[in-house]
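Residue strings, one per chain:
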Amino acid sequence: MFTVATVLNALELGFIYALVAMALFLSFRVLNIADMTTDGAFTLGCAVSATAAVAGHPFLGLPLAMLAGAAAGFVTAFLQTRLAVPSILAGIITNTGLYTVNLAVMGFSSNVPMLKTVTIFTAAQGALGEGAPAKLLVAVAITVAVCALLIAFLGTRLGLSIRATGDNPDMVRASSINTAFTVTVGLCIANAMTALSGAVLAQYQRSADINLGTGMVVIGLASLIIGETLFGRGGMWVKAVAAVAGSVIYRFIIALALRANVPSECLKLISAIIVALAIAAPALRAKAAFRRRRAHAGKEAARHA
């Protein structure tokens, strides 16, 4: 059904987009904040990474993209914590403003081509040799490193404070912990990971486009929820691995849809359907189990009548 090239492509994209799933895990699951900055932060990472690569600094483009993403997260957190803007609106405002910022980063051009530009992937291919799966190795290495660092951070005192803020902010305030600070740090880290995903993708496909981040929230949520549905709830390592696995599975679903000659214009609709089904899966399973129990009870009552 799948060729080797299709499998490799799905794995590579799955690990790259897994960074967005982990970012939404931090903001949506840990902090309990619906952060709508994701689309703009992803494009910002693409823009910064592409611009740096064209200037001859592909490796420097990754940390610069993360800093830019963290700055976007800081703006969203500032609007939310200091100006009392609701979290969803704060993300939408930042996302709207980022459109102009992203255009400015790309020299007010909607596209930055990198066909003859050295990227982290071409550099890795040159170092490992032509036969090595360099793109997959680079994507896996970056995602695994970020995943390990995120889990280690969430185990620190500050990380535990961020987790407590999402669980019970009133209790955290009563413990003399500054929730505005923990929310700000959490959103900065989440958007830094989102921007890193965009930075890696831009160098992977050798181009940056102003519309690359459109629908990224849906893609990230689809990956996150697929992983949670399949792996269930567990410790932080289980949740992080579930986000990565969900992202890879999502890319295989998209690859399967493309193999079935589904028009590319329909992929966003497929993503929305996947998210809806994944969210509804626990409720559907519970209803199905209830119907089975009720049918069994009816049979038992009829037998004893």
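Residues numbered from 1 in each chain as written. Predicted model: local features only at pLDDT ≥ 70, side-chain atom pairs only at ≥ 80, totals over all residues. Heavy atoms only, no water.

**What to know about the overall build of the chain**
Now for step 1: Scanning the chain from terminus to terminus reveals twelve helices and two strands.
Now for step 2: Starting at the N terminus and ending at the C terminus, the chain contains elements arranged as α-α-α-α-β-α-α-α-α-α-β-α-α-α.
Now for step 3: Here the C-alpha atoms of the chain give a radius of gyration of 21 Å, agreeing with the 19 Å that 2.2 N^0.38 yields for 305 residues.
Now for step 4: Projected onto its principal axes, the C-alpha coordinates of the chain cover approximately 85 × 55 × 35 Å.
Now for step 5: Looking at the chain as a whole, 49% of its 305 residues are labelled buried.
Now for step 6: Taking the intrachain contacts of the chain between residues at least 6 apart in sequence as the baseline, contacts between residues at least 24 apart amount to 79%.
Now for step 7: Averaging the coordinates of the 21 positive side-chain charges in the chain and doing the same for the 10 negative ones gives two points 9 Å apart. (Helix = DSSP H or I, 4+ residues; strand = E, 2+ residues; numbered from the N terminus. Rg over C-alpha atoms; globule rule 2.2 N^0.38 Å. Buried < 20%, exposed > 50% of the residue type's maximum accessible area, 1.4 Å probe, protein only. Contact = heavy atoms within 4.5 Å. Lys, Arg positive; Asp, Glu negative; His and termini not counted. Charge placed at Lys NZ, Arg CZ, Asp CG, Glu CD.)

**What about the nonpolar core?**
Now for step 1: In terms of nonpolar packing, the biggest core is built from 82 residues, with Met 22, Phe 42 and Ile 142 touching the most fellow members.
Now for step 2: It is helix H1 (residues 4-30) that contributes the most residues to this core, 14 residues altogether.
Now for step 3: Aside from chain neighbours lying at most four places away, what touches Met 22 is Thr 143, Val 146, Cys 147, Leu 150, Met 193, Ala 243 and Val 244. (Core = buried A, V, L, I, M, F, W, Y, C linked by side-chain atoms within 4.5 Å.)

**A few points about the packing of helix H3 (residues 58-81) against helix H9 (residues 179-205)**
When two helices pack together, you describe them by how their axes are tilted relative to each other and by the distance separating the axes.
Now for step 1: Taken N-terminus to C-terminus, the directions of H3 and H9 make an angle of 145°; their axes are 6 Å apart at the nearest point. Note on packing geometry: the crossing formed by H3 with H9 is right-handed. Residues Pro 58, Leu 62, Ala 65, Met 66, Gly 69, Ala 70, Gly 73, Phe 74, Thr 76, Ala 77, Gln 80 and Thr 81 of H3 form the contact with H9, whose own contacting residues are Ala 180, Val 183, Thr 184, Leu 187, Cys 188, Asn 191, Ala 192, Ala 195, Leu 196, Ala 199, Val 200 and Gln 203.
Now for step 2: Looking at the contact of H3 with H9 residue by residue, the class counts come to 16 nonpolar, eight polar and no charged. (Axes fitted to C-alpha atoms, helices over the stretch in contact; angles between N-to-C directions. Left-handed = near helix turned anticlockwise from the far one by under 90°. Nonpolar A, V, L, I, M, F, W, Y, C, P; charged D, E, K, R; others polar.)

**Looking at the pattern of salt bridges**
A side chain of one charge can pair with a side chain of the opposite charge if their charged atoms are brought near each other.
Now for step 1: As enumerated under the stated definition, the model contains two salt bridges in all.
Now for step 2: Two residues, Glu 228 and Arg 29, come together in a salt bridge whose shortest N-O distance is 2.7 Å. Taken together, the residues span a long stretch of sequence, with Glu 228 in helix H10 (residues 216-231) and Arg 29 in helix H1 at a distance of 199 residues.
Now for step 3: Given the relative accessible area of 34%, Arg 29 is considered partly exposed. (Salt bridge = Lys/Arg side-chain N within 4 Å of Asp/Glu carboxyl O.)

**As for unusual backbone geometry**
Now for step 1: For Ala 84, which is not glycine, the phi dihedral falls at a positive 60°.
Now for step 2: Checked against the element boundaries, Ala 84 lands in the loop between H3 and helix H4 (87-105).
Now for step 3: Positive phi, normally seen in glycine, also occurs at Ser 176, with a value near 65°.
Now for step 4: Within the element layout of this structure, Ser 176 appears in the loop between helix H8 (169-174) and H9.
Now for step 5: Note on Ser 176: relative accessible area 70%, which makes it exposed.

**Considering the side chain of Ser 197**
Now for step 1: With respect to the helices and strands, the residue Ser 197 is situated in helix H9.
Now for step 2: Since its relative accessible area comes to 0%, Ser 197 is described here as buried.
Now for step 3: Setting aside anything within four residues of it in sequence, one finds Ser 197 in contact with Ile 16, Tyr 17, Leu 19, Val 20 and Phe 42.

None of the figures reported here should be taken as evidence of function without further support.
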